[in-house]
Amino acid sequence: MGFFDMFKKKETAPVFPAMLAADAAGTVVKMEEIPDEVFAQGILGQCCGIDPSVGEVYAPCDGEITQAPDTLHALGIMGSNGIEVLIHVGVDTVEMKGDGFAANVKLGDKVTKGQLLLTMDLDKIKAAGHPAVVITVVTNTDDFAEVTTVAQGTVKPGDDLMKVSK
């Protein structure tokens, strides 16, 4: 090891169990109670929702934006710890074609836990006849021993939401 090697950033292995933070303010919705069968049955992976009280969505973990459709109703994040997260805003909101949504990030952006990702107009979503529930899915659930929702009741962004164990 050379003298300057001690100043280099050391790669640290991800720490498990890992915690995903609440990505919105509101009331936690159990997976089985999400008003969309694909999510309620866990077809895309273990998940939970938050019925939002504020139209803001935040990063649940550090990572990189891997999906950012033009409709702005969803975002994919590859967590720095290997957890793949899909944030889906509302049910059938893809039909809104981005109306009422504004992104603060784009594909390839690095994000940090708690960073504002997008905003949504809750009144527009409601007027369009869609539930506004913000769904957080661990899409690579099978890579982990356990993915559980640890929050209940009312949460604010940054509160512990889901625990992921190796």
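Whatever comes next refers back to the structure up there.
What you are looking at is a predicted structure, and each value in this text was computed from that prediction instead of being measured.

Caption draft 1: Looking closely at the overall build of the protein. Scanning the protein for helices and strands turns up 2 helices and 14 strands. Against the globule reference of 15 Å for 166 residues, the protein gives a C-alpha radius of gyration of 16 Å, in line with a compact fold. On the principal axes, the C-alpha backbone points of the protein span a range of 65 × 30 × 25 Å. In the protein, buried positions account for 45% of the 166 residues. Across the protein, the fraction of contacts at a sequence separation of at least 24, relative to all contacts at a separation of at least 6, is 68%. Split by element, the accessible area of the protein, about 8,800 Å² in all, is 52% carbon and sulfur. When the 13 basic and 24 acidic side-chain charges of the protein are each reduced to a single mean position, those positions are 8 Å apart.

Caption draft 2: Summary view of the sheet that holds strand β14 (residues 160-165). The sheet built from 3 strands is open, its strands ordered β1-β14-β12 with antiparallel pairing. For this open sheet the edge positions go to β1 (18-21) and β12 (146-149), each flanked by a neighbour on one side alone. If you compare each strand with its neighbour and ignore which way they point, the axes differ by 20° on average. With 4 bridges joining them, β12 and β14 adopt antiparallel strand pairing. Its bridge partner lying in β14, Thr-148 is registered against Lys-163.

Caption draft 3: Here's a closer look at unusual backbone geometry. The step from Phe-16 to Pro-17 runs through a cis peptide bond, and the omega angle for that step is 0°. Examined against the element boundaries, Pro-17 turns out to sit in the segment before β1. A positive phi angle, near 60°, is found at Asp-92, a position not held by glycine. Of note, Asp-92 is situated in the loop between β7 (84-89) and β8 (101-103).

Caption draft 4: Structural detail: the sheet that holds strand β4 (residues 56-58). Spatial strand order, β4-β10-β8: 3 strands in an open sheet with antiparallel pairing. Among the strands making up the open sheet, the edge pair consists of β4 and β8. Averaged over all pairs of adjacent strands, the angle between strand axes in this sheet comes to 20°, irrespective of strand direction. Sheet topology places β8 next to strand β10 (residues 116-120); 3 bridges connect them, and they run antiparallel. Within β10, the position partnered with Ala-103 by the bridge is Leu-118.

Caption draft 5: Local environment of the packing of aromatic side chains. The full count for this structure, using the stated rule, is 1 aromatic pair. For the ring pair Phe-16 and Phe-144, a centre distance of 5.7 Å and an interplane angle of 35° mean the geometry is tilted. A residue pair is termed long-range when its members are at least 10 positions apart, and Phe-16 in the segment before β1 and Phe-144 in the loop between β11 (134-138) and β12 qualify at 128 residues. On the basis of relative accessibility, which here comes to 22%, the residue Phe-16 falls in the partly exposed class. Residue placement shows Lys-166 over the ring face of Phe-16; its charged tip is 5.5 Å from the ring centre.

Calculation criteria
- Residues numbered from 1 in each chain as written.
- Predicted model: local features only at pLDDT ≥ 70, side-chain atom pairs only at ≥ 80, totals over all residues.
- Heavy atoms only, no water.
- Helix = DSSP H or I, 4+ residues; strand = E, 2+ residues; numbered from the N terminus.
- Rg over C-alpha atoms; globule rule 2.2 N^0.38 Å.
- Buried < 20%, exposed > 50% of the residue type's maximum accessible area, 1.4 Å probe, protein only.
- Contact = heavy atoms within 4.5 Å.
- Areas by Shrake-Rupley, 256 points an atom, 1.4 Å probe, with all protein chains shown as cover.
- Lys, Arg positive; Asp, Glu negative; His and termini not counted.
- Charge placed at Lys NZ, Arg CZ, Asp CG, Glu CD.
- Pairing = 2+ DSSP bridges.
- Axes fitted to C-alpha atoms, helices over the stretch in contact; angles between N-to-C directions.
- Phe/Tyr/Trp six-rings, centres within 6.5 Å; stacked < 30°, edge-to-face > 60°.
- Lys NZ or Arg CZ within 6 Å of the ring centre and 35° of its normal.

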